[in-house]
Number of protein chains: 2
Amino acid sequence: MEEAREVINELLVEIFHRILAIENEGLRQQGVSLSMSEVHVLEAISLVEEPSMTNIAQKIGITVGSLTTAINTLYQKKYVTRKYDPSDRRKVLIALEPIALEALQKHDDFHQRMIDAIFEDLHLAEDEVLIQSLKKVSGYFKKW
Amino acid sequence: MEEAREVINELLVEIFHRILAIENEGLRQQGVSLSMSEVHVLEAISLVEEPSMTNIAQKIGITVGSLTTAINTLYQKKYVTRKYDPSDRRKVLIALEPIALEALQKHDDFHQRMIDAIFEDLHLAEDEVLIQSLKKVSGYFKKW
DNA sequence: TCAAATATTTTGAACTTCAAACAATGGTAT
DNA sequence: ATACCATTGTTTGAAGTTCAAAATATTTGA
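Described in the following lines is the structure provided in the data block. Computed from a predicted model, the values in this text were never measured in an experiment. (Residues numbered from 1 in each chain as written. Chains lettered and ligands numbered in written order. Predicted model: local features only at pLDDT ≥ 70, side-chain atom pairs only at ≥ 80, totals over all residues. Heavy atoms only, no water.)

A look at the protein's contact with DNA strand C
For DNA strand C, the set of nearby residues contains 21 residues, the closest of which are A:Thr54, A:Arg82, B:Ser35, B:Ser37 and B:Ser66. Backbone atoms, meaning sugar and phosphate, make up 77% of the atoms of DNA strand C lying within 4 Å of the protein. With respect to DNA strand C, the side chain of B:Ser37 contributes an N or O atom lying 2.3 Å from a phosphate oxygen. The contact in question runs from a phosphate oxygen of DNA strand C to an N or O atom on the backbone of B:Thr63, over 2.8 Å. Of all the elements in the fold, those that place two or more residues in the surface near DNA strand C are helix H3 (53-60) and helix H4 (64-76) of chain A together with helix H4 (64-76) of chain B. No other element matches H4(A), which puts four residues into the surface near DNA strand C. A per-class count over the surface near DNA strand C returns four nonpolar, 11 polar and six charged. (Near = heavy atom within 4 Å. Polar contact = N/O pair within 3.5 Å; in protein donor to acceptor, adjacent residues only side chain to side chain. Helix = DSSP H or I, 4+ residues; strand = E, 2+ residues; numbered from the N terminus. Nonpolar A, V, L, I, M, F, W, Y, C, P; charged D, E, K, R; others polar.)

This is how it looks when you write it as structure tokens:
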């Protein structure tokens, strides 16, 4: 049990930082001139049901004010457009431009390759215990 | 196999951000007036064999210039001291003050409690497959 | 209608980081 | 020794991220 704790702690502390760096690197290599946080915003826009500022900000976990500045630069870079919700004109709905979809696709591909590499290189077992445990941990943090 | 990939991808994408937020929150609650990045610097100092600027920066993955500014504020806050290596006066060796050790202890305690909660709440098995797999993934990213 | 609630933007500040320029010390080759 | 290059750190200027608080616009409900 002690060992399992140590390993998980290590994952939490060190590996996550490493992964962020890897992701940033991956973006640069693919000629995507966006930061990880910007990609994160685009990702949230594509995932959220109704892409209003509040919904997107909540999905990411930042304030709406912070999101506004992020969207401002993404708008300048032509990655997103704004329009007002006709049924509630207080709301601003964000839409992804084609170039944004391309960037997301590239990012997804990178992720896929990274995960493929992990599985191939490590010969990870298709083990029920592993999968179930990871699902538990994942679900746990989602609801924290 | 497909499911395992999805779960790992999810861990990488979403949970990571959540954990960072949780850690920041944990610090505030314990009355530690340091940011996560500052704690990260202190952690690196305590872990690295020879706490020179270059070694610490490398451990964290930032430039030495960035580390200098971080150390400047930690020095002002009395968390660290600087001294020159007598055998190579180009080197600056950083030492932790008692208050820094306290802060690290609090942070470790928080981590421990978080991990305890995970194990208790999720009834994670002390399973060899899980532990070995996590160790593999952890080691894999360390060397990426 | 008018006040309260909701949605977003603006502004000012703090923090993190980098790259490039600069300074000092150490090592090496002639 | 001297000259030069490499190593180690610091400073500086700029960019990016984030927040809180104030301001603006719209909707809703009494």
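Once the structure has been displayed, the description carries forward.
Notes on the protein's contact with DNA strand D
Contacts to DNA strand D come from 21 residues, most closely from A:Ser35, A:Ser37, A:Ser66, A:Arg90 and B:Thr54. Atoms of DNA strand D within 4 Å of the protein: sugar and phosphate make up 80%, bases the balance. Interatomic distance of 2.4 Å between a side-chain N/O atom of A:Ser37 and a phosphate oxygen of DNA strand D. Within the side chain of B:Arg82, a nitrogen or oxygen atom sits 2.9 Å from a phosphate oxygen of DNA strand D. No other element matches H4(B), which puts four residues into the surface near DNA strand D.

What to know about the nonpolar core
Counting 26 residues, the largest nonpolar core has A:Leu42, A:Ile45, A:Leu67 and A:Val80 as its most contacted members. Counting residues per element, the ones that place at least two in this core are helix H2 (36-47), H3, H4, strand S2 (92-96) and helix H5 (98-122) of chain A. The element best represented in this core is H2(A), accounting for six residues. Discounting chain neighbours no more than four positions away, the residues touching A:Val80 are A:Leu42, A:Ile45, A:Ile71, A:Leu74, A:Tyr75, A:Ile94, A:Ala95, A:Leu96 and A:Glu97. Judged by nonpolar contacts, the second largest core, of 25 residues, contains B:Ala44, B:Met53, B:Ile71 and B:Ala103. (Core = buried A, V, L, I, M, F, W, Y, C linked by side-chain atoms within 4.5 Å. Buried < 20%, exposed > 50% of the residue type's maximum accessible area, 1.4 Å probe, protein only. Contact = heavy atoms within 4.5 Å.)

Some points on H4(A)
Residues and elements named next belong to chain A. Helix length check: H4 (13 residues) gives 18 Å between terminal C-alpha atoms against 18 Å at 1.5 Å per residue, within 8%. For H4, the set of buried residues is Leu67, Ala70, Ile71 and Leu74. Down the axis, H4 shows its buried residues gathered within 100° of arc, on one side only. Positive backbone phi, at 70°, marks Lys78, one or two positions downstream of H4. (Expected span 1.5 Å × (residues − 1). Arc of directions from axis to C-beta.)

Here we look at the packing of aromatic side chains
Counted under the stated rule, the structure contains zero aromatic pairs over all chains. Looking at A:Arg82, its charged tip hangs above the ring of A:Tyr75, at a distance of 5.9 Å from the centre. (Phe/Tyr/Trp six-rings, centres within 6.5 Å; stacked < 30°, edge-to-face > 60°. Lys NZ or Arg CZ within 6 Å of the ring centre and 35° of its normal.)

Describing the pattern of salt bridges
Residue and element names in this part refer to chain A. Overall, the coordinates contain six salt bridges over all chains when judged by the stated rule. Among the salt bridges present, the one from Asp88 reaches Arg90, with a minimum N-O distance of 2.8 Å. Using a relative accessible area of 18% as the deciding quantity, one classes Asp88 as buried. (Salt bridge = Lys/Arg side-chain N within 4 Å of Asp/Glu carboxyl O.)

Regarding H3(A)
Among the residues of H3(A), those classed as buried are A:Met53, A:Asn55, A:Ile56, A:Ala57 and A:Ile60. A:Gly61 lies just past H3(A) and shows a positive phi near 90°.

Here we look at the packing of H2(A) against H4(A)
Residue and element names in this part refer to chain A. For the pair H2 and H4, the least separation of the axes is 11 Å and the interaxial angle reads 95°. What the angle tells us is that H2 and H4 run roughly perpendicular. Between H2, through Glu38, Val41, Leu42 and Ile45, and H4, the contact on the second element is made entirely by Leu67, Ala70, Ile71, Thr73 and Leu74. (Axes fitted to C-alpha atoms, helices over the stretch in contact; angles between N-to-C directions. Parallel < 35°, antiparallel > 145°, perpendicular 65-115°, else oblique.)

Quick look at unusual backbone geometry
Glycine aside, residues mostly have negative phi, and peptide bonds are mostly found in the trans state. The backbone of A:Lys78 sits at a positive phi, close to 70°, despite the residue not being glycine. Residue position: A:Lys78 is located in the loop between H4 and strand S1 (80-84).

So, the side chain of A:Glu38
Residues and elements named next belong to chain A. Topologically, Glu38 is positioned in helix H2. Classification of Glu38 by relative accessible area gives buried; the value is 12%. Within the local environment of Glu38, its side chain forms a polar contact with the side chain of Thr73, the two groups lying 3.4 Å apart. Residue contacts for Glu38: discarding those within four places in its chain leaves Ser33, Thr73, Leu74 and Lys77.

Remarks on the side chain of A:His107
Residue and element names in this part refer to chain A. Mapped onto the elements, His107 comes out in helix H5. On the basis of relative accessibility, which here comes to 3%, the residue His107 falls in the buried class. Excluding residues within four positions of it along the chain, His107 makes contact with Glu23, Leu27, Gln30, Met36, Val39 and Glu43.

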